[in-house]
Amino acid sequence: MSAAAPVVSVATGSQVADAGALTAEAYLADRLVAPDEDYALELRDAQRRAVEATLLVATVEGTDGASVVVGTVTLAPYGTSYAEVAEPGELELRMLAVAPEARRRGIAEDLVRAAMRHCVVVGARRLVLSTLDAMQTAQRVYARLGFVAQPHRDWGHVEIHLRVHTWTPPEPPGVLVEQATWPPARVHVTEAGWRVGVSAGVTRRANSAIPLGSGSRGVGAALDEVEAVYAAAGLPSIVRVGRADRDVEAELEARGYEVASETDVLVRDLAQAPAAERPHLHVVSAAAPDDAWLSTWLGAKKADADRALARQVLLGAPADYLAAAVDGHAAGVIRVAYSEDWAALSCLVVRPDARRHGLGRELTLRALEVARSRGARRAFLQVESHNVIAARLYAALGFQPADAYRYRQR
Ligand SMILES: CC(C)(COP(=O)(O)OP(=O)(O)OC[C@H]1O[C@@H](n2cnc3c(N)ncnc32)[C@H](O)[C@@H]1OP(=O)(O)O)[C@@H](O)C(=O)NCCC(=O)NCCS
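Numbering of residues begins from 1 in every chain and follows the order in which that chain's sequence is written. Under the rules for a predicted model, residues below a pLDDT of 70 receive no local features and side-chain atom pairs below 80 are neither given nor counted, while totals for whole chains, interfaces and linings still include all residues. Neither water nor hydrogens contribute to the side-chain values; these are computed over all heavy atoms in the structure.

As a further point, take the site of the ligand. In the vicinity of the ligand there are 18 residues, among which Leu-348, Arg-356, Gly-358, Gly-360 and Asn-387 approach most closely. Between a nitrogen atom of the ligand and a main-chain N or O atom of Leu-348, the distance comes to 2.8 Å. Residues adjacent in sequence count toward polar contacts only when both atoms are side-chain atoms; beyond that, a polar contact is any pair of N or O atoms within 3.5 Å, and within protein one must be able to donate a hydrogen and the other to accept it. Within the backbone of Gly-358, a nitrogen or oxygen atom sits 2.7 Å from an oxygen atom of the ligand. Each helix is a run of DSSP H or I of at least 4 residues and each strand a run of E of at least 2, with the numbering of both proceeding from the N terminus. Taken together, the elements giving at least two residues each to the shell around the ligand come down to strand 17 (342-350), helix 11 (359-373), strand 18 (378-384) and helix 12 (388-396). Here the shell around the ligand takes 5 residues from helix 12, the largest share from any one element. The cutoff for a nearby residue is simple: one of its non-hydrogen atoms must lie within 4 Å of the molecule or strand.

Next comes the structure, spelled out in structure tokens:
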């Protein structure tokens with residue numbers, strides 16, 4: 001089995017049966033069920049779960065290059081037969097299982113984080129689960145990720161006491177706070193009130209349109225205006241589609257726009273933010289990015305970006321620019337921008353040769369400290385949903401999913 005971080009996705013094809021076998025195997029290994037019990041059969045029957053509920057699997061690349069299912073979890077909407085305690089609007093997490101040989105590698109956490117993300121994406125108001133005292137490892141995972149015991153909802157049969165835990169997504173910053181901390185060089189406001197960012201292509205965030213209402217002439221007319229603005233600027237049309245923008249999504253789909261990326265908005269409050277851990281790491285903070293900061297952020301991939309424009313986009317909001325120096329050279333950077341009581345963390349990059357030495361973690365911690373010293377009360381950041389490495393880092397520092405959006409591009 002490879003050591004790369006696993007990928008969590010909705011089970012398809014043969015993954016469904018694999019997930020069922022794995023769930024039964026995991027519960028049997030921990031003696032949570034006996035082989036002859038009906039429940040063992042139910043655990044194995046992932047086909048029915050995949051139809052009635054959402055069946056997630058964690059996969060890793062096997063030695064032969066094929067993907068291997070190493071963990072699974074089921075998410076049952078209220079009212080389905082798999083939901084035992086869910087109330088209206090809640091999503092019930094069930095049958096979390098990691099293959100015995102794949103344990104102690106954070107896969108359960110990846111699965112539960114994916115469940116939290118799914119809860120946010122589908123707009124459920126809360127995740128709920130029942131757990132047995134024998135499931136100590138799982139309970140530590142739930143507590144670490146922000147689940148809270150709800151003893152008044154505990155339930156059980158004759159000898160079994162099931163403890164109910166819930167997780168409620170934090171309030172997201174909202175698209176206007178997001179844009180205020182990453183303002184495009186120019187914003188065109190359409191007749192319908194959409195905000196069309198134009199910044200000569202420097203970052204998708206500053207070169208995309210935000211749908212805000214459909215105006216009197218409808219979504220189609222708003223999109224026509226967006227397309228005209230981008231055509232005039234010589235840029236591709238890109239639209240940020242939020243969870244509630246269903247009519248916009250349908251219209252974009254009809255016009256042939258493809259999903260260019262999916263982004264999660266993660267939030268944590270700053271009241272009990274963890275303190276920095278490595279006081280000896282030399283981190284400098286400035287009110288503007290210098291050349292070394294910019295070069296580290298832009299890295300090799302975006303090295304040919306228009307630096308003046310990049311600087312202009314960055315400087316559009318009040319912010320602090322932190323750089324960690326190793327042997328006198330910038331090895332990692334992060335930006336903290338401010339709007340209302342929010343701090344927006346962005347631009348975290350550690351030079352490839354300096355990775356896996358705790359710099360990313362320490363820079364994020366220092367950013368939280370700076371944010372708090374500036375009077376911010378909550379922090380948010382955006383991370384692409386496939387960036388498992390960054391997602392793990394942020395989850396370990398208490399960030400939780402609060403919102404999700406995707407970019408669609410023609
Ligand atoms: C994300 C990034 C900043 C992490 O920097 P880093 O200095 O290597 O991270 P750290 O050494 O502080 O690692 C902290 C945690 O990140 C996670 N992590 C880092 N590298 C990982 C890897 N290769 N595989 C799995 N998890 C990893 C782990 O949870 C790690 O904790 P652990 O070491 O206790 O397992 C770096 O990989 C990077 O620059 N990536 C490209 C830019 C990017 O993705 N930025 C985030 C944009 S939102």
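All axes here are fitted lines through C-alpha atoms, helices being fitted over the stretch that makes contact, and every angle between N-to-C directions spans 0 to 180 degrees. As a packed pair, helix 11 and helix 12 sit with axes 10 Å apart at the nearest point and diverge in direction by 50 degrees. Taken together, the axis directions place helix 11 and helix 12 in an arrangement best described as oblique. Where helix 11 crosses over helix 12, the handedness of that crossing is right-handed. The residues of helix 12 that touch helix 11, namely those facing Gly-360, Arg-361 and Thr-364, are Leu-393, Tyr-394 and Ala-396. In terms of residue class, the contact of helix 11 with helix 12 is made up of 3 nonpolar, 2 polar and 1 charged. By definition in this entry, angles of less than 35 degrees are roughly parallel, angles greater than 145 are roughly antiparallel, angles of 65 to 115 are roughly perpendicular, and the rest are oblique. Crossing handedness: left-handed means the near helix sits turned counterclockwise from the far one by under a right angle, and right-handed means the same turn made clockwise. We call two residues contacting when some pair of their heavy atoms lies within 4.5 Å. Each residue receives one of three labels: charged for Asp, Glu, Lys and Arg, nonpolar for Ala, Val, Leu, Ile, Met, Phe, Trp, Tyr, Cys and Pro, and polar for the others, Gly being one of them.

Before going further, it helps to examine the packing of aromatic side chains. Each pair of aromatic rings taken from Phe, Tyr and Trp, with Trp reduced to its six-membered ring, is defined by centres within 6.5 Å and is described as stacked if the planes are under 30 degrees apart, edge-to-face if over 60, and tilted in the remaining cases. Summed over the entire model, instances satisfying the criterion amount to 8 aromatic pairs. A ring pair is formed by Tyr-27 and Tyr-39, whose centres lie 6.4 Å apart and whose planes are at 75 degrees; its orientation type is edge-to-face. In this pair, Tyr-27 sits in helix 1 (residues 15-29) while Tyr-39 sits in helix 2 (residues 38-44), placing the two residues 12 residues apart along the sequence. Ring centres 6.1 Å apart and planes at 45 degrees place the aromatic pair Trp-293 and Trp-297 in the tilted group. Highlighted residues: Trp-293 and Trp-297, both in helix 9 (residues 291-298), separated by 4 residues, approximately one helical turn. The same class applies to Trp-293 as to Trp-297, namely buried. In textbook terms, an aromatic cluster arises when at least three aromatic residues are bridged by ring pairs, as seen for Trp-182, Trp-293, Trp-297 and Tyr-321. Our definition puts a charge over a ring when NZ of Lys or CZ of Arg is within 6 Å of the ring centre and also within 35 degrees of the ring normal. Sitting over the face of the ring of Trp-182, Arg-205 holds its NZ or CZ atom 4.3 Å from the ring centroid. In this scheme, a residue with accessible area under 20% of its type's maximum is buried, one over 50% is exposed, and one in between is partly exposed, where area comes from a 1.4 Å probe on protein chains only.

This next bit is on the side chain of Asp-403. One can find Asp-403 in strand 19 (residues 400-409). Side-chain polar atoms of Asp-403 contact the side chain of Arg-243, separated by 2.8 Å. If we skip the residues at most four places from it in the chain, Asp-403 touches Val-120, Pro-172, Glu-178, Arg-240, Arg-243, Thr-263, Asp-264 and Val-265.

Quick look at the pattern of salt bridges now. In what follows, salt bridge is the name for a side-chain nitrogen of Lys or Arg lying within 4 Å of a carboxyl oxygen of Asp or Glu. Scanning the model with the defined rule gives 33 salt bridges in all. Put simply, Asp-110 and Arg-392 hold a salt bridge, and the shortest N to O gap is 2.6 Å. With Asp-110 in helix 4 (residues 107-121) and Arg-392 in helix 12, this pair connects stretches of sequence that are 282 residues apart. The salt bridge involving Arg-361 is made with Glu-277; its shortest N-O contact spans 2.8 Å. Placement of the pair is Arg-361 in helix 11 and Glu-277 in the loop between strand 13 (258-269) and strand 14 (282-286), with a sequence separation of 84 residues. The exposure class of Glu-277 is partly exposed, given its relative accessible area of 42%.

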